[in-house]
Structures are given as structure tokens and as C-alpha cells.
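Inside the fold
Given next are the chains, with one letter for each unit.
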Amino acid sequence: MIDEINSRHAIPDHLRFSAGPNHMPVAMIENDHATAEIHLHGGHVTAFQPRNRKPVLWMSREATFCPPKPIRGGIPVCWPWFGTSAEHPDRPQHGFARNREWRVIRADTGTAGETILDLGLKSDPGTMELWPHAFELSLKVIVAGSLTVQLTFLNTGDSPATVAAALHTYFAVGDIAQVRIAGLDGREYHDQLDSMTVKRQNGDITIAEEVDRIYLDTEDDCVIHDAAWNRSIRVAKTGSRSTVVWNPWIEKSKRMLDFPNDGYPEMVCIETTNAARDQRTVEPGGSHTLSQTVSVDRD
Ligand code: TA6
């Protein structure tokens, strides 16, 4: 399978597919700007590192690469629902896109030396059982000095479909105790740890306990100021008016088998979402794109 994919899509000096953990196919990208890794399982970006910079994405050292389970860390694609399915709480948490095998649509390079990988996922009898809508989902990943991820939902069915989604991005930080997150000052948020109570953000976000919040009515960039590593990470987005901020802290980390107990100080999730009242309804033949661009600056 890997050989067949490489015969069609490998690009010298840019991109090759190899067998990752458990022989799962992974795109290994290396260009003049950065390195990156993208698993076909889940359409899951698991690494991004600009040249002469530290890794940008956090990966759990206890991640299980064991389909259909999702991979812990990187950028899980949560779709077509976020969190627990309201209609069917027994169905997979955060939808099924991150649990399925995506296929390679196209690999290419850009005029500025960036590498572009397009992956696709289509509805099938299995997805129709979980979610009764025909769809084509595409994920475009652009690896340059920054990382752009675009998730596009095309409604190929004959009725409107309402989706929630997240690019559930795990960022690596030097020390969560020294992190502050700017860009959400004054915004309302649902506190997922307090019965979704609506509260208002006052100033930058700092984290000294479990935090799990859906910020509302925001199209703004978020900036993670990471004092320990003397850098800031900017998350710019389109097609989204909600942003999730999550750190599991101590007790929740212990409850997740694929999350190390001492992992919470080295990560924070800033998630580009269509969540809560930011769900999107797409008409038959229509589409919606959720997109984010991640860049790193020296603080
Ligand atoms: O985005 C935050 C969140 O919804 C948390 O409540 C936590 O459950 C996290 O996602 C991880 O979910 P997962 O299903 O990947 O373990």
C-alpha cells in the first residue's frame, strides 16, 4: 500500500509516505521551511516543526496508534459533531472523522517551496449509520514556515445538514504555569466544567487548573505567549466564530490512558471550532470550510 501511494504521490525533497507506528501510513514532509507528519488515519497531523524552531504540536508519548481509536495529540479532526452527540450519546466522542482512514487526493508543491497535501473522506454505509447524510470531506494541509489546515465539508446529500467541528490542536509549551493566551479578552464562553454556564473572559487566559471552555462570537487570532520557551504561537482562523481552550490538568490527565500523568504542564489545546451556537448548516450541494493557520514568532 505504501509503495503504491508513493508511486503516485511522493515528491522528491518534499514528501514521502512511510509506515509509522503499527505500520500505519504517514506522510513525512520535509522542505526548506519545516518538517511535518500527517497520518492517513483520521487525516491527523501529528507533527509540525519550522526549521530552527522547537516542535509546535504536542504529541502524547502514550498515544496509541491503534485504529479506530483516535491519536492523542497533534490536530485531531473532530466532525460532524463536537463532544458527545446530543441525539446519540453512545456514538463516538467528537464524531467519526478522526477514527476513519482518509485517502490521498493530491500532493503538490507551491511557488514558495511549500508542500501541499489534500486528503479526502466520503460517506459510506458505516458513516450513514452514525450520521444520515451523504458528504465529501477534504483536508488540505499546507506546510510552509507556517502550517495551514483547511477542512471542507461538501454536502452531497439531498437535505440540509448541520455540523459541529473542531481542529482540536494540541500545542507544545515549555511550562503551562508561564503561559498566557491573548485574543479572547471580553468574550463570553461556555464553561464545560460548570454545566456550560456562560461566563466572560477578563484579560488574557492563564491556566492553573483544569480549563475547558468554548469561547463564542470570536473570529480573532489567539496568541499563546510561552515565556518558558521565549516564543509565541499565533492561531489565525476563518470559517469559525468559536474557539475552545482546554488543559486537562492533573486529575483528568490521570483518567486518560493515552495521556501521561505528567503531560499537562507541556501542552495546551487551542481549537478552531464550529461548536455550541456556531454549528453550521450546509444546504445540498453547498460547502463550508473551517481553516486555521499556525505561525511561530520569537517573543
Ligand atoms: O476540547 C476539549 C474536550 O472536549 C475536553 O472536554 C476533552 O474531552 C477533550 O476534548 C479530549 O477529548 P477526547 O475525546 O479526544 O479525549
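An account of the accompanying structure is given in this report. (Residues numbered from 1 in each chain as written. Predicted model: local features only at pLDDT ≥ 70, side-chain atom pairs only at ≥ 80, totals over all residues. Heavy atoms only, no water.)

1. Re the pattern of salt bridges
As a working rule, side chains carrying opposite charge can pair if their charged atoms are close by. For the structure on display, the rule yields 21 salt bridges. We note a salt bridge from arginine 51 to glutamate 30, for which the minimum N-O separation is 3.2 Å. Taken as a pair, arginine 51 in the loop between strand 4 (44-50) and strand 5 (77-78) and glutamate 30 in strand 2 (residues 25-30) lie far apart in primary sequence, 21 residues in all. Among the residues examined, glutamate 30 registers a relative accessible area of 46% and is labelled partly exposed. Across the pair aspartate 262 and arginine 61 runs a salt bridge, and its minimum N-O distance is 2.6 Å. Placement of aspartate 262 in the loop between helix 3 (249-255) and strand 20 (267-274) and of arginine 61 in the loop between strand 4 and strand 5 is noted, with a sequence separation of 201 residues between them. Salt bridges sharing partners connect three or more residues here, namely Glu188, Arg200, Asp217, Glu219, Arg241 and Arg277. (Salt bridge = Lys/Arg side-chain N within 4 Å of Asp/Glu carboxyl O. Helix = DSSP H or I, 4+ residues; strand = E, 2+ residues; numbered from the N terminus. Buried < 20%, exposed > 50% of the residue type's maximum accessible area, 1.4 Å probe, protein only.)

2. Examining the sheet that holds strand 4
If you walk across this open sheet you meet the 4 strands as 1-2-3-4, and the pairing is antiparallel. Every other strand in the sheet has two partners, leaving strand 1 (15-19) and strand 4 as the edge strands with one partner each. In this sheet, adjacent strand axes meet at a mean angle of 15 degrees when their direction is disregarded. Strand direction decides the pairing type here: strand 2 and strand 3 (residues 34-39), joined by 5 bridges, are antiparallel. Paired with alanine 27 across the strands is isoleucine 38, a residue of strand 3. Where helix 1 (residues 2-9) meets the sheet, its contacts fall on strand 1 and strand 2, and the angle it forms with strand 1 comes to roughly 175 degrees. (Pairing = 2+ DSSP bridges. Axes fitted to C-alpha atoms, helices over the stretch in contact; angles between N-to-C directions. Contact = heavy atoms within 4.5 Å.)

3. So, the sheet that holds strand 22 (residues 287-298)
Strands sit in the order 6-7-8-9-22-18-17-13 across an open sheet of 8 strands; the sheet is antiparallel. Among the strands making up the open sheet, the edge pair consists of strand 6 (103-109) and strand 13 (179-182). For this sheet, the mean inter-axis angle between neighbouring strands, taken without regard to orientation, is 15 degrees. By the bridge criterion, 8 bridges tie strand 7 (residues 115-122) to strand 8 (residues 135-143) in an arrangement that is antiparallel. In the strand pairing of strand 8, glycine 120 is matched with serine 138.

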